[in-house]
Amino acid sequence: MTGPRAELARLIAERREDYAGLSRLIGRNAAYIQQFIKRGVPRRLAEEDRRKLARYFGVDESLLGGPVRPPAPSEELIAIPRFDIRASAGPGAFADGETPTAHLGFDPRFLKQLCSASPSDLSIIRVRGDSMFPTLADGDDIMVDRSSAGTRISDGIYVLRQDETLMVKRIAVHPTSRRLTISSDNSSYPAWRDCEPDSIEVIGRVVWAGRKIS
């Protein structure tokens, strides 16, 4: 015996209940619960019967054959600031003290899956242009982990600053020389090869992207 029948039988045994009493509790004939468990008749509990039994035993209805409910969402979302700054869009400050234009709320568990950064190190800006297409498209929102700016760079997509211009590029690190290849995912744009790590200013690593579907 498995499934809802086994669970109900276990609950009855643990609580030292009796079949007839539970049958009367839900408004059924005295043999109803015993027939359900021992003979499989009916094949499944009626919704109202299931609800009454789950409430009586203090368990989730899914244990007695009800639908599995998704876990309750976190009550508190973490607000990540969104700045009116566009990468690959000309001059962009992206400095401390700037005022965000909006905040987007994220479940803290989801943020932990993205990266280990503190929420205070995360910011959202917008992509302009097609240099990173198809990975990133014009108008995409990207979340930038600014805590990675001062750490050792690894392969990934980063926001960089060069000559007061912000840009989004893919970085590949040579395994022995540690020199960098900075490229675009759009092959129409040239790559910068054999770059010294100190020759670029890393703002942060891109850890998430959001896109409007039209």
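What this report covers is the structure whose coordinates are included nearby. (Residues numbered from 1 in each chain as written. Predicted model: local features only at pLDDT ≥ 70, side-chain atom pairs only at ≥ 80, totals over all residues. Heavy atoms only, no water.)

**What about unusual backbone geometry?**
No. 1: Cis geometry is adopted by the peptide bond preceding Pro42, which originates at Val41 and carries an omega value of 0 degrees.
No. 2: Position of Pro42 relative to the elements: it lies in the loop between α3 (32-39) and α4 (47-57).
No. 3: That bond from Phe133 to Pro134 is cis: its omega, 10 degrees, falls within 30 degrees of zero.
No. 4: Structurally, the position occupied by Pro134 is in the loop between β3 (122-127) and β4 (141-145).
No. 5: We note that Arg16 has phi near 55 degrees; this positive angle belongs to a residue other than glycine.
No. 6: Relative to the helices and strands, Arg16 is located in the loop between α1 (3-15) and α2 (19-25).
No. 7: Taking the relative accessible area as the measure of exposure, Arg16 reaches 79% and is therefore exposed.
No. 8: Phi angles above zero are rare outside glycine, and Arg178 is one such case at about 65 degrees.
No. 9: The exposure class of Arg178 is partly exposed, given its relative accessible area of 27%. (Helix = DSSP H or I, 4+ residues; strand = E, 2+ residues; numbered from the N terminus. Buried < 20%, exposed > 50% of the residue type's maximum accessible area, 1.4 Å probe, protein only.)

**Points about the environment of Gly21**
No. 1: Position of Gly21 relative to the elements: it lies in helix α2.
No. 2: Relative accessible area serves as the criterion here: at 25%, Gly21 is assigned to the partly exposed category.
No. 3: Sequence spacing of Gly21 and Ala31 is 10 residues, and the spatial spacing of their C-alpha atoms is 9.5 Å.

**Topic: the side chain of Lys169**
No. 1: If you trace the backbone, Lys169 turns up in strand β6 (residues 165-173).
No. 2: A distance of 2.7 Å separates a polar atom in the side chain of Lys169 from a polar atom in the side chain of Ser184. (Polar contact = N/O pair within 3.5 Å; in protein donor to acceptor, adjacent residues only side chain to side chain.)

**Re the side chain of Ser23**
No. 1: Locating Ser23 in the fold gives a position in helix α2.
No. 2: What Ser23 contacts, discounting residues up to four positions off in sequence, is Arg28, Asn29, Ala30, Ala31, Tyr32 and Ile33. (Contact = heavy atoms within 4.5 Å.)

**Considering α3**
No. 1: Residues of α3 that are buried: Tyr32, Ile33, Phe36 and Ile37. Considered in projection along α3, the buried side chains sweep an arc of 120 degrees and stay on one side of the axis. In α3, the exposed positions angled more than 90 degrees off the buried face are occupied by Lys38 and Arg39.
No. 2: Along its buried surface, α3 packs onto α1, α2 and α4.
No. 3: Within two residues after α3, Gly40 carries a phi angle of roughly 75 degrees, on the positive side. (Arc of directions from axis to C-beta.)

**Quick word on the packing of α1 against α4**
No. 1: Where α1 meets α4, the axes come as close as 12 Å, and the angle between the chain directions of the two elements is 35 degrees. The crossing of α1 and α4 is left-handed. Residues Leu8, Leu11, Ile12 and Arg15 of α1 pack against Leu53, Tyr56 and Phe57 of α4. (Axes fitted to C-alpha atoms, helices over the stretch in contact; angles between N-to-C directions. Left-handed = near helix turned anticlockwise from the far one by under 90°.)

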